[in-house]
Amino acid sequence: MKFKIFLLFVGAIILGCQKENTEEVLDPYVLRRPDYFPEITYPISGNQISKSGFELGKKLFNDPILSLDNSIACSNCHVKAVAFTDPQHNPSVGIFEREGSRNSPMIANMAFQPEFLWDGGITHLDFVPIFAIENEKEMAETAESVVRKLNASPIYPTLFKKTFPSLDTITAPYMLKALSQYMLLLVSDQSKYDQFLRGEANLSSEETAGLTLFKAKCASCHSGALFTNYAFLDNGLDVTHKDIGRALISARAEDTGKFKVPSLRNILLTAPYMHDGRFKTINEAIDHYRFHVKDTPNLDTRLKTNGKPGISLTDEEVENLVSFLKTLTDYKFISNPIF
Amino acid sequence: MNKILIMSLLALIITSCGKDEVIEKGAGSIDIEFDNVAVINNIQNQLSLVTPGSTNYTYTNGIGQPFNLNLLRYYISGIKLEGPNGASFTDEIKVDVAASKGIYLIDESKLAANIITLENVPAGEYNKISFTVGVDTSGVKEGASGGVLDPATCKMFWNWNSGYIAVKIEGQSPVSNGGVGGTETLNSSSVNGIAYHVGGWRNVEGSAFVNNNKSLSFNFDTNAKVEKGLEPHVHMILDVISLFKGQNIIDFTGNHNVHKPIDGKPLADNIPNAFSFDHLHQ
């Protein structure tokens with residue numbers, strides 16, 4: 001009898017321990033939405049994330065096998081250390097040193113985005129990598145040829161089979177699902193600002209002043225927890241357009257020169273700025289809004305005060321604003337060994 | 001009392017007989033064949049594709065401009081059969097990473113693919129067919145899918161404005177001034193190339209987003225009887241000439257390099273009248 005009670009005790013202790021563990025160590029291969037983030041847009045039921053699927057996606061993301069001459073990987077223009085953007089080129093440079101027309105966008109929080117690319121031409125994350133693979137200025141390869149290379153590789157068939165046991169041969173949809181599994185888990189929600197939102201950290205007086213300014217002067221477009229309303233807007237960069245932006249997709253004249261409002265998370269890491277990477281520093285980008293907004297026909301009305309284009313900010317206000325923007329840098333994201 | 005018992009017994013026997021009958025008849029198959037033809041002077045001619053660059057022009061559009069075709073490929077999805085006595089069958093669409101059930105790719109260069117065999121069709125008589133030409137939202141929202149939707153192999157997928165091409169046509173016309181590049185059978189040196197990649201799966205008012213998928217219905221001239229051991233064969237027709245001279249005349253001196261939903265609308269609007277039911281045999 002005593003022995004039985006002893007056993008029960010041991011059982012209770014073990015159970016208690018297990019409970020504590022599950023509360024503290026979260027499975028890193030599960031997509032979680034912080035409660036202040038927008039809803040997940042990706043139909044996850046059709047692509048259940050697993051550790052092996054995520055790792056396969058990561059391997060593909062970093063493998064130049066996806067490009068025509070096996071020279072360039074996704075990670076060449078989406079560098080982890082700078083929140084998966086391209087720090088060196090404006091705009092980005094693809095295969096054979098071909099200059100692209102646009103600035104490589106951040107890959108973070110993809111699970112919550114309604115549309116992709118600067119012009120929103122892609123409506124599902126799975127279809128983003130095939131665009132880069134087959135774009136002549138990026139990887140200049142065909143998905144068909146990549147699939148052939150993957151099937152002939154000594155390692156990939158085993159890795160795919162491990163993730164997708166029912167698979168016979170590797171096909172493009174499986175490759176794209178694996179890449180999505182990797183990108184879906186790239187969630188950036190560990191910045192100082194996130195800690196502040198969760199009540200785990202306080203902002204300094206400069207950062208608080210910057211946040212107040214941001215809310216008053218920027219947040220109508222850079223809205224919500226991801227700092228974008230996902231609208232396509234003209235922010236007064238040019239009167240004539242080398243790149244017509246959203247109009248390329250919508251064919252509407254009034255969309256000429258409009259680009260997607262980008263997220264500002266990790267903004268201090270993701271220079272250069274704008275769709276074509278024309279501004280090298282955050283101060284150049286802010287100065288555009290202060291002094292250089294052009295009164296274009298499609299200019300967003302929020303960028304006009306009393307009929308004049310631009311946002312008025314004093315030098316001191318700019319300093320506070322930059323202090324606040326620095327709180328959006330997520331060092332845990334860029335140093336996460338799993339990513 | 002006895003009467004009631006007998007009646008109930010009878011009723012039981014009748015209902016169980018009915019049940020047995022259904023089980024015995026069960027389900028069968030039906031073939032839907034898409035025959036691509038060129039109707040000239042009211043005569044159906046089997047479509048013949050030419051080698052790219054050919055200057056042998058057999059067909060003319062609604063304004064007398066000659067043309068020929070190198071490639072004809074289109075999606076059929078969401079097939080539904082109905083009968084005069086309530087028989088009904090819906091070929092469910094189910095797309096995932098491995099396959100795309102209920103979506104078929106008709107390809108004039110692969111004639112075997114032009115016969116769709118529907119299995120497990122409930123026994124009964126059918127006299128009406130409905131289907132969509134193209135792949136609707138359900139095929140796009142799941143993301144990358146296998147089977148005939150595999151973007152690497154179907155060659156019916158737009159990367160830059162993601163979605164599937166419903167109908168893809170490439171060929172030549174002597175009145176075209178070329179300039180058609182980046183297609184399967186044409187390149188910048190194809191002087192007389194014409195390319196109509198007709199797609200688009202959503203309507204956004206006042207924009208270039210147009211849904212060019214067409215949902216069509218046709219009545220049969222007789223009933224197709226489906227049951228175990230029978231496999232009726234339905235012949236549907238696509239007349240390629242009608243694609244170029246229906247509600248809208250497709251002028252080869254105009255935009256003959258179509259790769260956007262809005263640009264494909266005139267041809268898409270000709271699709272309903274280009275399809276027809278031809279005949280069926282048991």
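Remember, it's a predicted structure, so these values are computed and weren't measured experimentally. (Residues numbered from 1 in each chain as written. Chains lettered and ligands numbered in written order. Predicted model: local features only at pLDDT ≥ 70, side-chain atom pairs only at ≥ 80, totals over all residues.)

A tally of helices and strands in chain B yields 5 helices and 17 strands. Its C-alpha atoms put chain B at 90 × 45 × 35 Å along the principal axes. Considering chain B as a whole, with its 282 residues, one finds that 43% of them fall into the buried category. Considering only contacts within chain B whose residues lie at least 6 apart along the sequence, 75% involve residues at least 24 apart. (Helix = DSSP H or I, 4+ residues; strand = E, 2+ residues; numbered from the N terminus. Buried ≥ 20, exposed ≤ 12 C-beta atoms within 10 Å, placed from the backbone. Contact = placed C-beta atoms within 7 Å.)

It is worth spelling out the confidence of the model for chain A at this point. Scored by pLDDT, chain A has a mean of 92; 93% of the residues are at 70 or more. Segment residues 6-22 of chain A: pLDDT under 50, and 0 contacts once partners within four positions in sequence are set aside and those in other chains are kept. (pLDDT = per-residue confidence, 0-100.)

The next point concerns the nonpolar core. In a soluble, globular protein the nonpolar side chains are often hidden away together inside. Among the nonpolar cores identified, the biggest contains 62 residues, and B:Tyr75, B:Ile76, B:Val135, B:Tyr164, B:Ala166, B:Val167 and B:Val198 are the most heavily contacted of them. If one sorts the elements of this core by residue count, strand E4 (residues 66-82) of chain B sits on top with 9 residues. With residues near it in sequence (within four places) discarded, B:Tyr164 still touches B:Tyr75, B:Gly134, B:Val135, B:Gly139, B:Val140, B:Leu149, B:Met156, B:Phe157 and B:Gly199. The next biggest cluster of nonpolar side chains, apart from the first, holds 59 residues, and it includes A:Ala132, A:Ala172, A:Leu184 and A:Phe227. (Core = buried A, V, L, I, M, F, W, Y, C linked by C-beta atoms within 7 Å.)

All names here are of chain A. Two elements in contact, helix H9 (residues 205-217) and helix H12 (residues 315-326), have axes separated by 7 Å at closest approach and are oriented at 100°. Looking at the two axes, H9 sits roughly perpendicular to H12. Contacts between H9 and H12 involve Glu206, Glu207, Ala209, Gly210, Leu211, Leu213 and Phe214 on the former and, on the latter, Glu317, Asn320, Leu321, Ser323 and Phe324. (Axes fitted to C-alpha atoms, helices over the stretch in contact; angles between N-to-C directions. Parallel < 35°, antiparallel > 145°, perpendicular 65-115°, else oblique.)

What follows covers the pairing of strand E13 (residues 193-199) of chain B. A large share of E13(B) lies buried, amounting to 7 of its 7 residues. In E13(B), alternate side chains face the same way, and those of B:Gly193, B:Ala195, B:His197 and B:Gly199 on one face and B:Ile194, B:Tyr196 and B:Val198 on the other are all buried.

Our focus in this paragraph is the domain arrangement of chain A. The domains assigned to chain A are domain 1 (44-184) and domain 2 (192-335). The C-alpha-based centres of domain 1 of chain A and domain 2 of chain A are spaced at 27 Å. (Domains from an automatic or database assignment.)

Next up on the list: helix H4 (residues 261-268) of chain B. Residues and elements named next belong to chain B. Most of H4 sits out of view: 6 of its 8 residues are buried. Here H4 has its buried residues at Pro261, Asp263, Gly264, Pro266, Leu267 and Ala268. Packing partners of the buried residues in H4 comprise E13, strand E14 (214-226), helix H3 (240-245), strand E16 (257-258) and helix H5 (271-274).

Over its 13 residues, H9(A) runs 18 Å from end to end, which matches the ideal 18 Å to within 8%, given 1.5 Å per residue. Residues of H9(A) that are buried in the fold lie against H12 of chain A. (Expected span 1.5 Å × (residues − 1).)

Another aspect to go through is the packing of helix H2 (residues 51-61) of chain A against helix H7 (residues 172-184) of chain A. Residues and elements named next belong to chain A. For the pair H2 and H7, the least separation of the axes is 7 Å and the interaxial angle reads 100°. Of the possible angle classes, the one that applies to H2 and H7 is roughly perpendicular. In this structure, H2 contributes Gly53, Phe54, Leu56, Gly57, Lys58, Leu60 and Phe61 to the contact, and H7 contributes Met175, Ala178, Leu179, Ser180, Gln181 and Tyr182. When grouped by side-chain class, the residues that make up the contact of H2 with H7 number 8 nonpolar, 4 polar and 1 charged. (Nonpolar A, V, L, I, M, F, W, Y, C, P; charged D, E, K, R; others polar.)

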